[in-house]
There are 2 protein chains.
Amino acid sequence: MNTKVFEKPFQDSKYDEQQAFENKTNVENEAKVLNTHFQPSQLLKANTISQKTAFDLLVYLSQQQTLVEAALEQSISVVYPEKIYESMRYSLLAGGKRLRPILCIASCELCGGTVQMAMPTACALEMFHTASLIHDDLPAMDNDDYRRGKLTNHKVYGEDTAILAGDGLLAYAFKFVVERTKKVPVERLLQVVDQLSYAIGAGGLVGGQIVDLASEKLHNIDLETLNFIHRHKTGVLLQASVVSGAILAGANEQAVQLLSRYAHNIGLAFQIIDDVLDITATTEELGKTAGKDLLVQKATYPSLLGIEESKHRAQKLIDEAKAELAFFGEKAVPLMAIADHIIARTH
Amino acid sequence: MNTKVFEKPFQDSKYDEQQAFENKTNVENEAKVLNTHFQPSQLLKANTISQKTAFDLLVYLSQQQTLVEAALEQSISVVYPEKIYESMRYSLLAGGKRLRPILCIASCELCGGTVQMAMPTACALEMFHTASLIHDDLPAMDNDDYRRGKLTNHKVYGEDTAILAGDGLLAYAFKFVVERTKKVPVERLLQVVDQLSYAIGAGGLVGGQIVDLASEKLHNIDLETLNFIHRHKTGVLLQASVVSGAILAGANEQAVQLLSRYAHNIGLAFQIIDDVLDITATTEELGKTAGKDLLVQKATYPSLLGIEESKHRAQKLIDEAKAELAFFGEKAVPLMAIADHIIARTH
């Protein structure tokens, strides 16, 4: 994974390159163990070591991703009728950056919660995201054959199963949050269910996709519509990720608001950079067909604003996102680094 | 609506045909008012009048259906992007017996709860049911052009919108339960979310549909598989309807178990009768194409057991369902009558 190393010293200790290298190696070894069994105590130990010296985003993302993969791996068992569970697992475990789960966990920890409190919701966020990708890829929608470098769900299992796999993931995600979350008051869990159901419905993902589909037929949409699409297709679920994490930890209203605005800004910046990368990156780097937006004459930030202005706006959004985190002090280093990473990524 | 009048005297008062007629007229007039605004106080008044004399299922179903229609009518507003909300409303408000909401409300009242406590969940159940119908009707699934005598969602709005309308309804139903339910402890609400998410996922509707699709290609499935299909496609959501109502009212474990078995039995009986009606009823009576099962050589109860044996099994299931209700005494009259109605219906 290509990541930017965030080099700001953490907890006033001096940054030591050799020490950081050793920490990284230790953490990566631990991550291999964690790949088999989800053991939060080891994560906490790894975090403690890392934070004593400097924050290394490369290590952090890799470690969190490993934890999330392990939890996702165990989230769905294959029972009769096997085909539906296999197809749900196929797309859920097809890789990806796991940005939404990582944001949820980071936000929960920032507000005083634990990885364990956040993990079921983190997995649910990835289930929702995956469900929307499966449905978006269908022939009746974006008609994509590849996703994350692998055949899309309907190309492997057929359209009927793909539709049902999406529905199954949507349903199961709610069950997963309610049944698997431990040590969180029920009032908070109910707030999380509320946030999630909003984010994936017509006020979020579904609303964004419907405007996106309509816009593809128009070829001349304005910036306001483009913002609407991305705010709903991407922003709202990213916001729900961060806000859910904070709610699970019992954060107060002010903290939730700050984190919500942080997520809104990085969500839009993420999409602007996605559009830019569709032009500037290769198919190999993206894991999906590059240049597709240009080919279908799709309105994008670069097509409306140019590449340089798009990059400039993304940077401004990231700066604003980071400013929202000032309130939290040095504890917010992971979320700060993720914001920086969004603008620096190449795929 | 063609319904069977359940004539058993209620609360030991003598059945009076003239009085019942007047009650029915009063209730129907009140129902017209309720069609515009959902006013539970009027329902309670109507219920009281009715129960003082005799239980009339015709009146009861019509009245409950009117209440549910009014609540559904107000459940989804049309805002930008209008198309998605219009398509969600199109299918949600396309009529139907509203059996799931009515069962939920009846079960809640039976266990000491109120219509108000149950109504958001009742609406959510209809949203889930509608979502599954929209997706089942898609060309990639059952490829149906008509549903409830109207064009299916994708025939009106296109396949892409129909997929999203289903997703939108699934998501919104959870939000609706969480945000609109009043005067119910949060623990109970969380249990309801758990029940609902199970019923609509791979353990319920989705699992039933995937086996149904696979079976259509086989033409020689056994009774066990047929039972699996119907238990999951129909039974689990009917069970969730009745169980959710009981949970919302704070019913104890024994009551929930009895009601769960009641629902299981009427669910299977409902499906057996559905299969019988596909052969014996006309297209006009059904509001959907009759004889379609025979045409596609679909395995049904009559094709495996014959029409008479199918009817016999359905009657046995109904008798067993009613036996489960003995515990509740006369309060269970509405659920008793609904069980009888399932076997007597002609569409």
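Think of each chain on its own: its residues are numbered from 1, step by step along the sequence as written. Note on labels: chains are lettered from A, ligands numbered from 1, in written order. pLDDT decides what is reported in this predicted model: residues at 70 or higher carry local features, side-chain atom pairs at 80 or more are listed and counted, and totals for whole chains, interfaces and linings draw on all residues regardless.

Student: Quick one: what's the story with the overall build of chain A, residue by residue and with numbers?
Tutor: Per the secondary structure count, chain A includes 17 helices and two strands. For every residue, the other C-beta atoms within 10 Å of its own C-beta are counted; 20 or more classify it as buried, 12 or fewer as exposed, and values in between as partly exposed. C-beta atoms are placed from the backbone. A burial count over chain A gives 54% of its 347 residues as buried. With C-beta atoms placed from the backbone, a contact is any residue pair whose C-beta atoms sit within 7 Å. Excluding contacts between residues fewer than 6 apart, the proportion of contacts in chain A whose partners are at least 24 apart in sequence is 73%. What counts as a helix is a DSSP run of H or I of at least four residues, what counts as a strand is a run of E of at least two, and both are numbered from the N terminus.

Student: Explain the relation of the copies chain B and chain A to me, using residue names and the numbers behind them.
Tutor: Superposing chain B onto chain A takes a rotation of 180° combined with a translation of 0.0 Å along the rotation axis, leaving an RMSD of 0.0 Å. On the angle and the small slide along the axis, the relation comes out as a two-fold axis. Mapped onto chain A, 100% of the interface residues of chain B are again interface residues, and the two copies thus contact each other with one and the same surface. The atoms used to superpose the copies are C-alpha atoms, taken from residues with pLDDT of at least 70 in both, and the fit is least squares.

Student: I'd like a rundown of unusual backbone geometry, residues and numbers included.
Tutor: Among all residues save glycine, negative phi is the norm, and among peptide bonds the norm is trans. Residues and elements named next belong to chain A. Each neighbour pair has its own omega, and for Tyr80 with Pro81 the value is -5°, a cis peptide bond. Looking at where Pro81 falls in the secondary structure, it is placed in the loop between helix 3 (57-73) and helix 4 (82-92). Despite not being glycine, Arg148 has its phi angle at roughly 50°, a positive value. Note on placement: Arg148 falls in the loop between strand 1 (146-147) and strand 2 (150-151).

Student: Before we move on, could you go through the packing of helix 5 (residues 99-110) of chain B against helix 6 (residues 115-137) of chain B and cite the residues and values that matter?
Tutor: All names here are of chain B. Two elements in contact, helix 5 and helix 6, have axes whose closest approach is 8 Å; the angle formed by their N-to-C orientations is 155°. One finds that helix 5 runs roughly antiparallel with respect to helix 6. Crossing geometry of helix 5 relative to helix 6 is assigned as right-handed. Of the residues in helix 6, those in contact with Arg100, Pro101, Cys104, Ile105, Cys108 and Glu109 of helix 5 are Val115, Met117, Ala118, Thr121, Ala122, Cys123, Leu125, Glu126 and His129. Inter-axis angles, ranging from 0 to 180 degrees, are taken between N-to-C directions of lines fitted to C-alpha atoms, where helices are fitted over the stretch in contact. Relative orientations are named as follows: roughly parallel for angles under 35 degrees, roughly antiparallel for angles over 145 degrees, roughly perpendicular for angles from 65 to 115 degrees, and oblique for any other angle. Rotating anticlockwise by less than a right angle from the far helix to the near helix defines a left-handed crossing, while the corresponding clockwise rotation defines a right-handed one.

Student: So, the nonpolar core: which residues are in play, and what are the values?
Tutor: Considering soluble globular proteins, one finds that nonpolar side chains tend to be buried as a cluster. Nonpolar core, as used here: buried Ala, Val, Leu, Ile, Met, Phe, Trp, Tyr and Cys residues forming one set through C-beta atoms within 7 Å. Of all hydrophobic cores here, the largest spans 220 residues; its most connected members are Ala246 and Ala269 of chain A together with Ala246 and Ala269 of chain B. Both domain 1 (1-74) and domain 2 (97-344) of chain A contribute no fewer than three residues apiece to this core. In this structure Ala269 of chain A touches Ala314, Leu317, Ile318, Ile342 and Ile343 of chain A, once residues within four positions along its chain are discounted. For the purposes of this description, domain bounds are those given by an automatic or database domain assignment.

Student: Would you mind going over the interface of chain B and chain A in detail, with residue names and values included?
Tutor: Taken together, the contact between chain B and chain A spans 40 residues of the former and 40 residues of the latter. Among the secondary structure elements, those contributing two or more residues to the side of chain B that touches chain A are helix 4 (82-92), helix 8 (159-180), helix 9 (186-200) and helix 10 (205-216) of chain B. Each residue gets one label: Ala, Val, Leu, Ile, Met, Phe, Trp, Tyr, Cys and Pro are nonpolar, Asp, Glu, Lys and Arg are charged, and the others, such as Gly, are polar. Here the residues of the side of chain B that touches chain A sort into 25 nonpolar, seven polar and eight charged.

Student: How would you sum up helix 11 (residues 223-248) of chain A? Please name residues and give values.
Tutor: Residues and elements named next belong to chain A. Multiply 1.5 Å by the residue count of a helix minus one, and that product is the helix's expected span. Under the 1.5 Å per step criterion, the end-to-end length of helix 11 is 35 Å for 26 residues, consistent within 8% with the ideal 38 Å. Across the chain, bend at a residue is computed as the angle between axes fitted to the seven residues ending at that point and the seven starting from it. If you look at helix 11, its biggest bend is around 45°, right at Arg231. Within helix 11, 21 of the 26 residues are buried, leaving the element largely enclosed by the surrounding structure.

Student: Summarise the confidence of the model for chain A; cite the residues concerned and give the values.
Tutor: Summarising the model, chain A shows a mean pLDDT of 85, and 79% of its residues fall at 70 or more. Low pLDDT, under 50, characterises residues 1-52 of chain A; the stretch is placed with 83 contacts to residues that sit more than four places away or in other chains. On a range of 0 to 100, pLDDT expresses the predictor's confidence in each residue.

Student: Lay out helix 3 of chain A in plain terms, naming residues and giving numbers.
Tutor: A turn of α-helix holds 3.6 residues, and therefore any two residues three or four places apart point the same way. Residue and element names in this part refer to chain A. In a regular helix each residue adds 1.5 Å, so 17 residues correspond to 24 Å; helix 3 covers 24 Å between its end C-alpha atoms and thus fits that length. Summarising burial for helix 3: twelve of the 17 residues are buried, a large majority. For helix 3, every residue scored as buried is listed here: Leu57, Val59, Tyr60, Leu61, Gln63, Gln64, Thr66, Leu67, Val68, Glu69, Ala71 and Leu72.

Student: How would you explain the environment of Glu109 of chain A if you had to name every residue and give the values?
Tutor: Its location among the elements puts Glu109 of chain A in helix 5 (residues 99-110). In sequence terms Glu109 of chain A and Ala255 of chain A are 146 residues apart; their C-alpha atoms lie 13 Å from each other.

Student: Describe the environment of Ser62 of chain B, listing the residues and the values that go with them.
Tutor: Looking at where Ser62 of chain B falls in the secondary structure, it is placed in helix 3 (residues 57-73). It is 23 Å that separates the C-alpha atoms of Ser62 of chain B and Leu133 of chain B, two residues lying 71 residues apart in sequence.

Student: Could you give an account of the environment of Asp222 of chain B, naming the residues involved and the relevant values?
Tutor: Residues and elements named next belong to chain B. Looking at where Asp222 falls in the secondary structure, it is placed in the loop between helix 10 and helix 11 (223-248). Given 11 C-beta atoms within a 10 Å radius, Asp222 is considered exposed. Spatially, the C-alpha atom of Asp222 lies 31 Å from that of Met336, the residues being 114 residues apart in sequence.

Student: Could you give an account of the packing of helix 3 of chain B against helix 6 of chain B, with specific residues and numbers?
Tutor: Residue and element names in this part refer to chain B. At their nearest, the axes of helix 3 and helix 6 sit 10 Å apart, and the two run at 70° to each other. With respect to helix 6, the axis of helix 3 lies roughly perpendicular. Of the residues in helix 6, those touching helix 3 at Leu67, Val68, Ala71 and Leu72 are Val115, Met119, Ala122, Cys123 and Glu126. Counted by class, the contact of helix 3 with helix 6 contains eight nonpolar, no polar and one charged residues.

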